[in-house]
Amino acid sequence: MIDILNILLTDSFWAASLRIATPLIFGVLGALICERSGTLNLGIEGIFVVGAMCGWMATWLGAGLWGGILVAFLCGAFFGLIHALLTVPLGLSQHVSGLGITLFATSISYFTYRTALPDVSSPPRIEPFQPLDIPILSDLPFIGLVLFQQTALTWLALIMVLLVWYVLNRTNLGLAIKAVGDNPNSVDAQGLSVYAIRMWAIVIGSALMALGGAFLTMSAFDAFFFGMVNGRGWVCIALVIFASWRPGKALIGALLFGAFDALQVRLQTEMGALVPGQVFLMAPYVLSIVALVIAARSADYPRALLTPWYKGQR
Amino acid sequence: MEASTVLKLNGLVKRFGSILANDDVTLHLQKGEVLALLGENGAGKTTLMNMLFGHYLPDSGNIEIRGVNGDLVPLELGNPSAALASGIGMVHQHFTLAENITAFDNITLGAESLFSLRRNQRKAEKKINNIMSNSGLEAPLDIPVGRLSVGERQRVEILKALYRDAHILVLDEPTAVLTPQEADALFSNLRRMTNHGLSVIFITHKMREVLSFSDRLVVLRQGKNVGSMETSNASEKKIARLMVGSETQKVSPKRITPGSPILSLNDISVAGRSKRDSLQNISLILKSHEILGIAGISGNGQNVLADLISGLASPYKGSILLKGVAIQNINPLNMIKLGFGRIPEDRHRQGIVGGLSVSENMVIERLDDPLIQNFGFLRSSVINDNAQTLSEKYDVRGPGIDQASRLLSGGNIQKLILARVFEQQPEIILANQPTRGLDMGAASDVQRHLIEARDRGGGVILISEDLDEILGLADRIVVMRDGNLNDVNSSSREAIGLMMAGESV
């Protein structure tokens, strides 16, 4: 118990939590936008891989770090568009399409990587995003390390939380997204396009997911590895339910998962002799299942989630 | 007359595959007028209005609407935005409200650009308040629509249209979900608005509303406009003749004296989904030779009562006596064997197994009958013969007895259920909303069978939202409200309506 307390009091633990949470924040926000408009996007795991691969490769090819981010964003949007076309105007099964996107996007990323770099044993490294160095702020005790020595992408993620919250709750666009996920007919009857709103929501949501992937290769690490996404997309799908489709709670959920993960790494080093390491590796997932079970009981699903809507059919 | 015409539909035709839903329909609407659009189910009323609102594109014909300078201008077809912009507001039968956002947000949704960074709430609020005080339609604006009552939601739906400056309001079966008092209030509000220059088209099949609240009526039959008249010249008989094409016999049973009690519920409590929907210590006696009508707004425990009598729900307190003997095993199979016949509310989902054939559905409640099966093997020739006979006897029409039963129309599905239930000569019949959504022909078939069953000595429990149906058929009426049953002494609509709304009389 004392060990855990000691860990919780260190600034490096909180800095790590936020760092680990960053890709999840992007992913949860992306999934949240898709689902708020009524579409489940199980392509998220594959879109993470695409974002990780494309962002890193573009940077390696000389696009620069922010150029890489833009490429990742656009590639995510592209796979989102495929999902949107299949599930919105065509009304196909969102589960099947989403899983198909995941398989396709993952494989094409690995394929591209292998085609571009057939002979390397270890991937070429890029110069990743560096921790911010803001005068005064970065040198503050505790919060200096936790907040102001993160990379720019972590800050982008936090800004995105605010932005998504503002759009959903303070703008007409957000109103339309929420309404189309609850009862598409309400949007149609007001002369707005259900298809356009849903498709844009999926495209933008998927682009955000890809940024989560890009963080992995361009900030957390400096190269692309097979299997590096490692289920983070699926965690996001669960976190959306935990967050009850609200951006603020999504941030909390992502941070909670990040904290569990940061804690287990530290516990492994402290108590690794007593308990097998796998128990700690498993812990964040088990705890997120527990948190999900508790939160999901009162979850308020978007009523039109998973239900395709066809024009002129009422 | 031409000067004050606000809307003209000229020769509208709409086909769905081989079905001609609207056949050269022409009609016009005057300023400040309440026009009732009548017709049986499938007569094409809703299709016509969906073309007006741009949800469907007509195959031919055009629509003219009064423009800003008072002339009739053609309306762009198949485009809801164009219809909205020219001042047509539609209140659908199934509300088009998002329940997770407030009434205010529902009303203003789409009225401003989606990409403006901020919302101009104050101006909108002022406009809505103005409309509310002019029309008398009041609804709470700042709580999610999901928490509003049905009547309030409907008012929000109308406010939504008026907010978009509708000068023509189309209401699709507006009173289907309202108590008689709420319906009266709605119509008096509409009248107030037509005095301010609004024109109204309302779709209905309730004669009473047409006769008391409309100025003029138009009848559709099989997609055609078969007649229009001033309401002052109309009578129920005339309208019915237009709707059906021939005069129908209104079912009005002879009264007979009820016999001895056959079913009694003693102090029964059953848990429902909500408190309002649960049964609390209710008692009820059904006699032979009796139709007991249970009136009430849906969601007040009727379905739990229906589930109980069907054997789908078990009471945690109290007992059910069949001819004085307590029923031990309350489960569907046992109830069927004891002579209960069930006509469920949701005939598509609870009444039939849609994927099974018509003939299989006809025997599905007596699969252990040795006539039907031998050591678990179904005797298909018997089943098919049975279906053939019953289809003729009960006039079940469809693509064939070996076809999936979900392919039948609603009316024919109900006839299938009637055939299955009444062939077993049940002593107790539970009919839950048996004529909802049926056209006049099928509805009167259902009512005829209920009366026959009563005359034969059975007891019928008739649960219906249609007060006219209950007043016409039932020998005795009770009102269900908040999971309680209240005896009704008078047979006046007003008294029963007040009880349905929860006011003591």
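Residues numbered from 1 in each chain as written. Chains lettered and ligands numbered in written order. Predicted model: local features only at pLDDT ≥ 70, side-chain atom pairs only at ≥ 80, totals over all residues. Heavy atoms only, no water.

Peer 1: Looking at this model, I keep getting lost on the overall build of chain A. Mind explaining?
Peer 2: Across its full length, chain A holds 13 helices and zero strands. When its helices and strands are written in sequence order, chain A yields α-α-α-α-α-α-α-α-α-α-α-α-α. Computed over its C-alpha atoms, the radius of gyration of chain A comes to 20 Å, within 12% of the 20 Å expected for a compact globule of 314 residues. Once the C-alpha set of chain A is aligned to its principal axes, its extents read approximately 65 × 50 × 40 Å. (Helix = DSSP H or I, 4+ residues; strand = E, 2+ residues; numbered from the N terminus. Rg over C-alpha atoms; globule rule 2.2 N^0.38 Å.)

Peer 1: Explanation requested: the overall build of chain B in the structure shown.
Peer 2: What chain B contains, in helices and strands, is 17 helices and 22 strands. Relative to the globule expectation of 23 Å for 505 residues, the C-alpha radius of gyration of chain B, 25 Å, shows essentially globular dimensions. Here chain B holds 505 residues, and the buried ones make up 52% of them. Once local pairs closer than 6 in sequence are excluded, the contacts in chain B between residues at least 24 apart make up 67%. (Buried < 20%, exposed > 50% of the residue type's maximum accessible area, 1.4 Å probe, protein only. Contact = heavy atoms within 4.5 Å.)

Peer 1: In this structure, what is going on with unusual backbone geometry? I would like to understand it.
Peer 2: Trans peptide bonds make up most of the peptide bonds, and negative phi angles are found at most residues other than glycine. The backbone of W245 of chain A shows a phi angle near 60°, a positive value even though the residue is not glycine. Judged by its relative accessible area of 1%, W245 of chain A falls in the buried class. For E173 of chain B, which is not glycine, the phi torsion reads 45° and is therefore positive. On the basis of relative accessible area, E173 of chain B is assigned to the buried category, the value being 15%.

Peer 1: Hey, could you run me through the interface of chain B and chain A in this one?
Peer 2: Opposite the 31 residues of chain B that make contact, chain A presents 24 residues. Roughly 2,300 Å² is buried in total at the junction of chain B and chain A, and carbon and sulfur atoms are behind 56% of that figure. When residues of chain B are sorted by the area they lose upon contact with chain A, L109, L114 and R119 of chain B head the list and together hold 27% of the total. Here R303 of chain A ties to E99 of chain B by a salt bridge, and the two come within 3.2 Å at their closest N and O atoms. Where chain B packs against chain A, one counts 14 residue pairs in polar contact (both at pLDDT 80 or more). Contributions of two or more residues to the side of chain B that touches chain A are made by α2 (80–85) and α3 (103–108) of chain B. Looking at which element gives the most residues to the side of chain B that touches chain A, the answer is α3 of chain B, with four residues. By residue class, the composition of the side of chain B that touches chain A is 13 nonpolar, eleven polar and seven charged. (Buried area = accessible area lost by both parts, 1.4 Å probe. Salt bridge = Lys/Arg side-chain N within 4 Å of Asp/Glu carboxyl O. Polar contact = N/O pair within 3.5 Å; in protein donor to acceptor, adjacent residues only side chain to side chain. Nonpolar A, V, L, I, M, F, W, Y, C, P; charged D, E, K, R; others polar.)

Peer 1: Is there a simple way to think about the environment of V49 of chain A in this case?
Peer 2: Residue and element names in this part refer to chain A. Its place among the elements puts V49 in helix α3 (residues 44–63). Between the C-alpha atoms of V49 and T102, which are 53 residues apart in sequence, the distance is 8.7 Å. In contact with V49, other than residues within four places in its own chain, are T106, S109, Y110, F224 and V229.

Peer 1: Could you clarify how one ought to interpret the side chain of T59 of chain A in this entry?
Peer 2: Residue and element names in this part refer to chain A. On the secondary structure map, T59 appears in helix α3. Given the relative accessible area of 13%, T59 is considered buried. Among the polar contacts listed, one links the side chain of T59 to the backbone oxygen of G64, at a separation of 3.4 Å. Those residues in contact with T59, other than ones at most four positions away along the chain, are G64, L65, G68, I126 and M218.

Peer 1: Explain the packing of aromatic side chains here, please?
Peer 2: Working definition: an aromatic ring pair is given by the centre-to-centre distance plus the angle between the planes. All names here are of chain A. Inspection of the entire model under this criterion finds 20 aromatic pairs over all chains. Aromatic pair W56 and W60: ring centres 6.2 Å apart, planes at 5°, arrangement stacked. Residue W56 and its partner W60 are located together in helix α3, separated by four residues, close to a single helical turn. What makes W56 buried here is its relative accessible area of 0%. (Phe/Tyr/Trp six-rings, centres within 6.5 Å; stacked < 30°, edge-to-face > 60°.)

Peer 1: Would you take a moment to explain the pairing of strand β11 (residues 261–270) of chain B for this structure?
Peer 2: Regular strands place their side chains on alternate faces of the sheet. Residue and element names in this part refer to chain B. Among the ten residues in β11, seven count as buried, and that is most of the element. Looking at chain direction, β11 and strand β14 (residues 317–322) are connected through five bridges and run antiparallel. Across the sheet, S269 pairs through a bridge with K317, a residue of β14. (Pairing = 2+ DSSP bridges.)

Peer 1: Looking at this model, I keep getting lost on the packing of helix α7 (residues 152–170) of chain A against helix α8 (residues 172–182) of chain A. Mind explaining?
Peer 2: When two helices pack together, their arrangement is given by the angle between their axes and by how far apart the axes lie. All names here are of chain A. Closest axis-to-axis distance for the α7/α8 pair is 5 Å, and the angle between their directions is 80°. Relative to α8, the element α7 is oriented roughly perpendicular. Counted together, V167, L168 and N169 of α7 and L173, G174, L175, I177 and K178 of α8 form the full contact between these two elements. (Axes fitted to C-alpha atoms, helices over the stretch in contact; angles between N-to-C directions. Parallel < 35°, antiparallel > 145°, perpendicular 65-115°, else oblique.)

Peer 1: Can you walk me through the sheet that holds β11 of chain B in this structure?
Peer 2: Residues and elements named next belong to chain B. Strand order in the open sheet formed by four strands is β12-β11-β14-β15, and the pairing between neighbours is antiparallel. In this open sheet, the two strands that pair with only one neighbour each are β12 (279–287) and β15 (325–326). Pairing of β14 with β15 involves two bridges; the strand directions are antiparallel. Paired with L322 across the strands is V325, a residue of β15. Each of β11, β12 and β14 is contacted by helix α9 (residues 302–310), which is oriented at about 120° to β11, the strand it contacts most.

Peer 1: Mind showing me how you'd approach the environment of I168 of chain B here?
Peer 2: All names here are of chain B. Examined against the element boundaries, I168 turns out to sit in strand β7 (residues 168–172). For I168, a relative accessible area of 0% puts it in the buried group. When the C-alpha positions of I168 and S199 are compared, they lie 4.8 Å apart, and in sequence the two are 31 residues distant. The contact partners of I168, leaving out residues within four places of it in the chain, are V6, L7, L29, I65, G87, I88, G89, L198 and S199.

Peer 1: Explanation requested: helix α4 (residues 65–87) of chain A in the structure shown.
Peer 2: Residues and elements named next belong to chain A. Between its terminal C-alpha atoms α4 stretches 33 Å, which fits the 33 Å expected from 23 residues at 1.5 Å a residue. Those residues of α4 not exposed but buried are G68, I69, A72, G76, A77, F79, G80, H83, A84 and T87. Buried residues in α4 make contact with α3, α5 (94–116), α7 and α10 (194–220). (Expected span 1.5 Å × (residues − 1).)

Peer 1: What is the right way to read the sheet that holds strand β2 (residues 19–30) of chain B from this model?
Peer 2: Residue and element names in this part refer to chain B. Taken together, the four strands give an open sheet; going across it, the order is β2-β1-β4-β5, and neighbouring strands pair in antiparallel fashion. Single-partner strands in this sheet number two, and they are β2 and β5 (72–74). When strand polarity is set aside, the average angle formed by the axes of neighbouring strands in this sheet is 20°. Two elements, strand β1 (residues 5–16) and β2, share eight bridges in a ladder whose sense is antiparallel. Residue pairing across strands places L9 opposite L27, the latter belonging to β2. On top of the sheet, helix α1 (residues 45–52) reaches β1, β2 and β4 (60–66); it is set at about 115° to β1, its chief contact.

That is the geometry; function is a separate question.
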